[in-house]
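As a plain string of letters, each chain reads:
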Amino acid sequence: MGTELHELLRSLRVWDPAVTDLPPLDPATAPGDPLDLFTRWFAEAVAAGQTEPHTVSLATADAEGLPDVRVVMLHGADADGWAFATHADSRKGRHLAARPYAALVFYWPVLGRQVRLRGPVAVAPAEEAGADLHARSAGALAAALTGRQSGELGSLDELARASEAAWERAGREPDAPVPSWTLYRLRPDDAEFFQGDARRRHVRLSYRRTEDGGWDRRLLWP
């Protein structure tokens, strides 16, 4: 089995030219604020046909400092930070309560790009979390109403019953409150933009927040 996996891995290509375009990144023309470059790159990923470009890996650590990572959805990005949401009593919610610091990484292989962000995480006001949730789909509300995220599940039948009840309530009560649903914002201290290159001369542009709230830019070896 290990040999089969190894052979399969060896057969795969990264950034196949048939499906991937690797545009250049000129650091001299990059904007001074990482939010501006992120907004541009996100729009370019969408235009290039990247599937689910708004999915992002979120890394947190528990009270003992042990890391964990999972994929979540980006809910927005502005001067206050990059936003995502979850239940406050979920595993990642408990991690953030104990250690309000996290990292995000976006990967858009259609353009050979990554964006990495790291910084403190703040909780948005409850009314903002509610407005964000109720602006989304009925399915999103039903999932939030199902609740008990990361808790132990007795059976799939139990999940089906809880989900069915949540869907029914979401349809009947589209503004139903979900007190545990929490909107978080990561305000980066560090942001890195990685642009892949066919000859492996990858460009890594790093932004680091300065004491006066501005940004210092530098290049990193790939």
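Everything discussed here concerns the structure shown above.
Asks: Honestly, the nonpolar core in this entry has me stumped. Any pointers?
Replies: Soluble globular proteins tend to bury their nonpolar side chains together. Ranked by size, the top nonpolar core spans 28 residues in total, and within it Phe38, Trp82, Phe106, Val115, Leu117, Phe193 and Tyr207 carry the most contacts. Mapped by element, the contributors of at least two residues to this core are helix H2 (34–47), strand S1 (55–61), strand S4 (81–87), strand S5 (101–108), strand S6 (113–123), strand S7 (181–186), strand S8 (190–195) and strand S9 (203–209). Considering each element in turn, this core owes the most residues, 5 residues, to H2. Residues contacting Phe38, with those up to four places away along its chain left out, are Leu74, Ala77, Trp82, Phe106, Trp108, Val115 and Phe193.

Asks: Would you explain helix H4 (residues 126–134) in this entry?
Replies: In an α-helix, one turn spans 3.6 residues, which is why side chains three or four residues apart end up on the same side. Those residues of H4 not exposed but buried are Ala129, Asp132 and Leu133. Seen along its axis, H4 keeps its buried residues to an arc of 95°; they face one direction.

Asks: Got a minute to help me understand the side chain of Asp62 in this structure?
Replies: Here Asp62 shows up in the loop between S1 and strand S2 (67–73). At a separation of 2.9 Å, a polar atom in the side chain of Asp62 contacts the main-chain amide nitrogen of Glu64. A polar atom in the side chain of Asp62 sits 2.8 Å from the backbone nitrogen of Leu66. If near-sequence neighbours (up to four positions away) are discounted, Asp62 is found in contact with His95 and Arg99.

Asks: I'm lost on the pattern of salt bridges in this one. Help?
Replies: Side chains bearing opposite charge may pair, as long as their charged atoms lie close to each other. All told, the structure shown has 12 salt bridges when counted by the stated rule. With a shortest N-O distance of 3.4 Å, Arg91 and Asp68 are connected by a salt bridge. You can see Arg91 sitting in helix H3 (residues 91–98) and its partner Asp68 sitting in strand S2, a full 23 residues away along the chain. Of the residues examined, Arg91 reaches a relative accessible area of 42% and is grouped as partly exposed. Classification of Asp68 by relative accessible area gives partly exposed; the value is 23%. Here Arg148 makes a salt bridge to Glu158, at a shortest N to O gap of 3.8 Å. Of the two residues, Arg148 is situated in the loop between helix H5 (138–146) and helix H6 (156–172) and Glu158 in helix H6; the sequence distance between them amounts to 10 residues. Classification of Arg148 as exposed rests on a relative accessible area of 58%. Under the relative-accessibility criterion, Glu158 is labelled partly exposed at 28%.

What counts and how
Residues numbered from 1 in each chain as written. Predicted model: local features only at pLDDT ≥ 70, side-chain atom pairs only at ≥ 80, totals over all residues. Heavy atoms only, no water. Core = buried A, V, L, I, M, F, W, Y, C linked by side-chain atoms within 4.5 Å. Buried < 20%, exposed > 50% of the residue type's maximum accessible area, 1.4 Å probe, protein only. Helix = DSSP H or I, 4+ residues; strand = E, 2+ residues; numbered from the N terminus. Contact = heavy atoms within 4.5 Å. Arc of directions from axis to C-beta. Polar contact = N/O pair within 3.5 Å; in protein donor to acceptor, adjacent residues only side chain to side chain. Salt bridge = Lys/Arg side-chain N within 4 Å of Asp/Glu carboxyl O.

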